[in-house]
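Spelled out from the first residue to the last, the chains are:
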Amino acid sequence: MTLKTTTSTRAGSSFMRRAFDRMIEARSAQARRYVNGYLLSLDDATLAAHGYNRDELEREGTSTRGF
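Residues numbered from 1 in each chain as written. Predicted model: local features only at pLDDT ≥ 70, side-chain atom pairs only at ≥ 80, totals over all residues. Heavy atoms only, no water.

Q: Looking at this structure, how should I read the pattern of salt bridges?
A: Once their charged atoms are close, side chains differing in charge can pair, the charge on each being opposite to the other. By the definition in use, this model includes two salt bridges. Of the charged contacts in the structure, one is a salt bridge between R17 and D21, with a shortest N-O distance of 3.5 Å. Pair noted here: R17 and D21 are both in helix α1 (residues 15–39), with a separation of four residues, about one helical turn. Of the charged contacts, one joins D44 and R54 as a salt bridge, the two residues approaching to 2.5 Å between their closest N and O atoms. In this pair, D44 is assigned in helix α2 (residues 44–49) and R54 in helix α3 (residues 54–60), connecting sequence segments ten residues apart. For R54, a relative accessible area of 22% puts it in the partly exposed group. (Salt bridge = Lys/Arg side-chain N within 4 Å of Asp/Glu carboxyl O. Helix = DSSP H or I, 4+ residues; strand = E, 2+ residues; numbered from the N terminus. Buried < 20%, exposed > 50% of the residue type's maximum accessible area, 1.4 Å probe, protein only.)

Q: Would you mind showing me how to read a negative patch on the surface here?
A: A cluster of like negative charges, contributed by D55, E56, E58 and E60, occupies part of the molecular surface. With respect to the secondary-structure elements, E56 resides in helix α3. (Patch = residues over 30% accessible without salt bridge, like charges linked within 9 Å, V, L, I, M, F, W, Y side chains within 5 Å. Areas by Shrake-Rupley, 256 points an atom, 1.4 Å probe, with all protein chains shown as cover. Lys, Arg positive; Asp, Glu negative; His and termini not counted. Charge placed at Lys NZ, Arg CZ, Asp CG, Glu CD.)

Q: Can you walk me through the environment of Y52 in this structure?
A: Here Y52 shows up in the loop between α2 and α3. For Y52, a relative accessible area of 41% translates into the label partly exposed. Distance from Y52 to L39, taken between C-alpha atoms, is 8.5 Å for residues 13 residues apart in sequence. Dropping the residues within four chain positions of it, Y52 is found in contact with L39, L47 and L57. (Contact = heavy atoms within 4.5 Å.)

Geometry only, nothing functional implied.
Below is the structure:
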């Protein structure tokens, strides 16, 4: 009889791991908002040249404060 052991960061993980994962997700979202704020300061031609859409960036939200 063979037993298989699996580990996962989500299912059955410890409280600390889940807290750390959520902290990383929150900081990633904060970074995206910060970058979106800068991107929205650029003109439409520059945004289009780099593959961004002003309407899309505005929907995702911005943050004018730093970390």
